[in-house]
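# Results of the structural survey
Chain residues, written in single-letter form:
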Amino acid sequence: MPAALTLPVRPEPPEPPPFPLVGALAPLAVAAVLFAVVREPSVLLLAVLTPVVAVAGVLDGRRQVRRRARRAAARHAEALEAVARAADARRLALEGAERRAAPGPQAFDGLRRPGEGLVIGTEDRAIQPLVGGAPADERERALVAASAVLRRVPFVVPPGTTLAVSGPPVITGAFLRAVRVAAEAAAAADPVRRGPAAELEVRLDAPTAAVVLRGPAGLRGRRFRPALVTAASAATALPRAEDVPSIAALTGDPAPDVGLAARFALEHGEPVEVDLVADGPHAIVAGTTGSGKSALLTAWVLALAAAHPPERLVLLLVDHKGGAAFDPVAHLPHVAGIVTDLDAAGTDRAVQSLAAELRRREQVLRDAAVADIAGTGEPRLVVVVDEFRALLEARPSLAAVFTDVAARGRSLGVHLVLCTQRPAGSIRDELATNCGLRIALRVLDAADSVAVVGTAAAATLPRGPGAAVLAVAGELPRPITVARVDPEALAVALSRARPGRAPRRPWLDPLPERLDLEGLAAVPGSLVLGLVDAPDEQAQPALAWRPSAGLLVAGRPGSGRTTALVLVAGLLGAADPAGDAAAAWDAVHDDDVPVVLDDLEALLDGLGAAAAAALLERLAQRLRRHGSAPVALGVRGPSGWGGLPLRPVIGLCSDRLLLALETDDHLAIGGDRTTAGLATTPGAAVWRGRLGRLALPPWPRTPAASPAAAPFLPGGAPVALVSSRPAARLAQLRDAGVAAAGVDGQGDVLVGSPAEWQARWVLFGRLAAEAPVLVDAVLPGELRALTGSATVLPPVTGPDDVVAIRAGAAPARMRLVSSGGWPR
């Protein structure tokens, strides 16, 4: 609700300035002091300034008071004028709403409104003042009074009310005609009665004055201006749909093989031929809600189909108000497709494909060495859009596509028919400039009519069926009546729409939800993982990855990330993605083995900090080195990294498959806002700025096996086992029948903690020189302090696995105890 309007507060008169006593006495005091000091009588002349200063101070104060008063009055007048303008705007809006809600019989539009009241005239209706406050002068009183009256708003009586009329015969006849037209508008019976049988009695005093003598309490005594309708106006005020000819009566012989002539309207009872090529090349159709825009488009499409075979005409229909407008013509052989606002993705595909269609047709012209599509045998493509404004509001980026089509479509045989309620603000000037054909049905505002057809004629059209104004560039606008579409007309039009070859669709279907690897064309030097959707190129090329570039597959759980990596691994001839840290470690450290890792974050979480850093560094080396086996990494997204330093490695992956991700993750990992949210289903992925679909691997998935540890076979010399859990390992070995002891004992295996072995460093050095040292879950710093080596040990998977280290050899996993006991 807008804020209430209130009269501005009047400024208070400013207080008069005080007498400048101090300023007046100052010269006198100065003269006395100077005389006392210099004893010069002439200085006493300064005392003469006392009255001068006093008078000047008083005059200047009054001048300042008058200036403040003028400024305050100007501000008050400006505020009062603003309130007056706002009050007028609100009053006019209320009056307009009243008139639109109940149009009078003179503006009857042919649409019946059952149950609505009868509009029998206009009145000046008193309302609560729109401006509050206490008026202080005549201007403010007039302002408040004007805001309390709605002028010339409909005078409505309840539906079904009967009335009797008295007054001069001429005025009475005109008024009764108006009443009967109003009754037709309300789908009510004739309300006119004679004498006391009527519920309402009206007396007409003059053509502009009437009074209700008898009736309900709310109407009795009310004065109004009676509605008057002439006999000629009454005869045409109620057009009937059956009076409009059917389109079946207009379609004649097929049009010649030039242009896109169609007959779907009449002028003074004679068919009008509208040629989209000669009169266009593009058209704008405007009209308010209920004016018949969809009916006009349907009639036009039917007329085109009846006059031109599918070999010469292809229709693309875009309905952005629910999808039912073009149902009657959906099965015409010319219709390549109907896209609606219920399928936003389909609408985007169809419109974006128009740019590719223009490029294709340009190539056709170059190949044929002609300047116009008419010399190539290509069919003309007509794109019909119902509710163009709604389409652009939902998809602002499509405006550039339509502007491009309008600029280049004439010679390429692509034509637009854009339908909207109000072209102003929705159809850009550069687009409208190329629309030489304009049709305006009834509009509410004269400015809208002028914007479309150059005159206000469309604002005065009745709401009767088919009334419109046709404007062709270089010709005067003329009234037309759009032909009626009925079942018989549809049947006749379809019988004349001679089927030929199926029309070529200017866009491809979306990629399927399930894509099989078989049947995808191979790309030399690349692995084909699926298809990419390129609607703006009318193509769906292979999603091909060159294994020489590192591949990053990012997606949240359930996005199809693991399946994608299984596909990559199978195409590389490798095992399924490594299932644990040990398998990942081995793959990364073997330059001849492809690396396919899934859920890299979880793998790193299973390693210690040193091992994780070493694994990432090794991955970075593999990605930098040319000639090593391919690398493909799967991650969840930056929000799931938990502080892991993955960005340096991720940055080395040249190619990225971005599956379903949260928007922040999508942007952080290299996507942009235009592609965020495109991949929503499993297997959908953004590849190089386009949406793609990954194929399903045709082979069954086999979980990757953990690397097996070799059994440790001790020789003759005792073996040192450094363990963070020496007591448990000692008991385990003894239970297995192994001659094991602590660091101070005798046996095949001497078990101790890092601290115990540091205390026996001489013994440890002798044992390490004679046999491998077994390491079990020891921290890197403890091992470095004991051995003096910074070697990072590979991770182990089994509970009985340890790592054997020996100078000059790479660390190796060993099985300490097996089910069969100590291996010998």
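Below is a short write-up of the structure. This is a predicted model, so every value here is computed, not measured.

### Topic: the pairing of strand 23 (residues 631-635)
Of all 5 residues in strand 23, 5 are buried; the element is thus mostly enclosed. Side-chain alternation along strand 23 places Val631, Leu633 and Val635 on one buried face and Ala632 and Gly634 on a second face that is also buried. As paired elements, strand 21 (residues 551-554) and strand 23 share 4 bridges and run parallel to each other. Across the sheet, Ala554 pairs through a bridge with Val635, a residue of strand 23. Direction of pairing for strand 22 (residues 595-597) relative to strand 23: parallel, over a ladder of 3 bridges. Residue pairing in the sheet places Val596 in a bridge with Ala632 of strand 23.

### Comments concerning the pattern of salt bridges
Tallied over the full model, the rule gives 41 salt bridges. Linking Arg85 and Glu81 is a salt bridge whose minimum nitrogen-to-oxygen distance equals 4.0 Å. Pair noted here: Arg85 and Glu81 are both in helix 2 (residues 49-101), with a separation of 4 residues, about one helical turn. Judged by its relative accessible area of 33%, Glu81 is partly exposed. For Asp801, the salt bridge identified is with Arg815, shortest N-O distance 2.4 Å. Pair noted here: Asp801 is in strand 32 (residues 801-806) and Arg815 is in strand 33 (residues 809-815), with a separation of 14 residues, a long-range link. On the basis of relative accessible area, Asp801 is assigned to the buried category, the value being 2%. Among the charged side chains, a salt-bridge network with shared partners connects Glu98, Glu123, Arg125 and Arg222.

### A closer look at the sheet that holds strand 7 (residues 209-214)
Reading across the sheet, the 6 strands line up as 4-2-8-7-6-5 and stay open at both edges, with mixed pairing between neighbours. Each having just a single partner strand, strand 4 (149-157) and strand 5 (163-166) make up the two edges of the open sheet. Each strand of the sheet is rotated relative to its neighbour by a mean of 35°, with strand direction disregarded. In this sheet, strand 8 (residues 223-226) lies alongside strand 2 (residues 118-126) in antiparallel orientation, the contact comprising 2 bridges. Across the sheet, residue Thr122 finds its bridge partner in strand 8, namely Arg225.

### A look at empty space enclosed by the protein
This model, assessed by the stated rule, comprises 1 cavity of 30 Å³ or more. As a volume, the largest cavity reaches approximately 40 Å³. In terms of lining, the largest cavity is formed by Leu659, Leu661, His666, Thr675, Gly677, Leu678, Ala679 and Val686. Its residues assigned to classes, the lining of the largest cavity comprises 5 nonpolar, 3 polar and no charged.

### Quick notes on the packing of aromatic side chains
The final tally for this structure, using the stated rule, is 5 aromatic pairs. Between Phe264 and Trp300, the aromatic rings sit 4.8 Å apart at their centres with planes inclined by 25°, giving stacked as the arrangement. Here Phe264 is found in strand 9 (residues 261-267), whereas its partner Trp300 is found in helix 7 (residues 293-307), with 36 residues between them in sequence. Classification of Trp300 by relative accessible area gives buried; the value is 2%.

### Some words on the side chain of Thr172
Counting through the fold element by element, Thr172 comes out in helix 4 (residues 169-185). Excluding anything up to four places from it in sequence, Thr172 contacts Val165, Ser166, Gly167 and Leu204.

### Here we look at the pairing of strand 2
Sheet topology note: the strand 2/strand 4 ladder contains 7 bridges and is antiparallel. Paired with Gly121 across the strands is Phe155, a residue of strand 4.

### As for the packing of helix 15 (residues 581-588) against helix 17 (residues 609-624)
Axis separation between helix 15 and helix 17 bottoms out at 10 Å; the angle between their running directions is 35°. Crossing of helix 15 over helix 17 shows left-handed handedness. Listed contacts from helix 17 to Ala584, Trp585, Ala587 and Val588 of helix 15 are Ala611, Ala614, Leu615, Arg618, Leu619 and Arg622. The class makeup of the residues in the contact of helix 15 with helix 17 is 8 nonpolar, no polar and 2 charged.

### Some remarks on the sheet that holds strand 26 (residues 690-694)
Spatial ordering of the open sheet is given by 20-19-26-25-24-21-23-22, a layout of 8 strands whose pairing is mixed. Only two strands of the sheet have a single partner each, and these edge strands are strand 20 (542-545) and strand 22. Each neighbouring strand pair of the sheet contributes to a mean axis angle of 30°, computed without reference to strand direction. Direction of pairing for strand 19 (residues 527-532) relative to strand 20: antiparallel, over a ladder of 4 bridges. In the sheet register, Leu531 faces strand 20, and the bridge partner there is Ala542. Helix 17 contacts strand 22 and strand 23 of the sheet and is inclined by roughly 135° relative to strand 23.

### Re the nonpolar core
In terms of nonpolar packing, the biggest core is built from 43 residues, with Phe264, Val285, Leu296, Trp300 and Val417 touching the most fellow members. If we ignore the near neighbours within four places in the chain, the residues touching Leu296 are Phe264, Val285, Ile439, Leu441 and Val482. Ranked by size, the runner-up nonpolar core spans 35 residues in total, among them Leu633, Leu644, Leu658 and Ile669.

### Brief notes about unusual backbone geometry
Residue Pro281 is bonded to the preceding Gly280 through a cis peptide linkage, with omega at 10°. Tracing the chain through its elements places Pro281 in the loop between helix 6 (276-279) and strand 11 (283-286). Positive phi, close to 55°, is recorded for Arg688, a residue that is not glycine. On the secondary structure map, Arg688 appears in the loop between strand 25 (684-687) and strand 26.

### With respect to the environment of Pro594
Turning to its location among the elements, Pro594 is positioned in the loop between helix 15 and strand 22. When the C-alpha positions of Pro594 and Pro547 are compared, they lie 9.5 Å apart, and in sequence the two are 47 residues distant.

### With respect to the layout of surface pockets
Here the idea is plain: a probe the size of a water molecule rolls over the atoms and shows the empty space left. Considered as a void within the structure, the largest pocket measures approximately 810 Å³ in volume. Along its surface, the largest pocket is lined by 33 residues, and Ala345, Arg349, Asp533, Leu678 and Leu691 are the ones closest to its centre. Of all elements in the fold, only helix 8 (344-368) and strand 26 reach the threshold of two or more residues within the lining of the largest pocket. In terms of residue count, helix 8 provides more of the lining of the largest pocket than any other element does, 5 residues in total. Of the residues belonging to the lining of the largest pocket, the class tally is 13 nonpolar, 9 polar and 11 charged.

Reading the values: the criteria
Residues numbered from 1 in each chain as written. Predicted model: local features only at pLDDT ≥ 70, side-chain atom pairs only at ≥ 80, totals over all residues. Heavy atoms only, no water. Buried < 20%, exposed > 50% of the residue type's maximum accessible area, 1.4 Å probe, protein only. Helix = DSSP H or I, 4+ residues; strand = E, 2+ residues; numbered from the N terminus. Pairing = 2+ DSSP bridges. Salt bridge = Lys/Arg side-chain N within 4 Å of Asp/Glu carboxyl O. Axes fitted to C-alpha atoms, helices over the stretch in contact; angles between N-to-C directions. 1 Å grid on protein atoms, 1.4 Å probe; cavity = no way out; pocket = protein on both sides within 12 Å on 5 of 7 lines; lining within 4 Å. Points joined across faces, edges and corners; volume = space filled by probe spheres on them. Nonpolar A, V, L, I, M, F, W, Y, C, P; charged D, E, K, R; others polar. Phe/Tyr/Trp six-rings, centres within 6.5 Å; stacked < 30°, edge-to-face > 60°. Contact = heavy atoms within 4.5 Å. Left-handed = near helix turned anticlockwise from the far one by under 90°. Core = buried A, V, L, I, M, F, W, Y, C linked by side-chain atoms within 4.5 Å.

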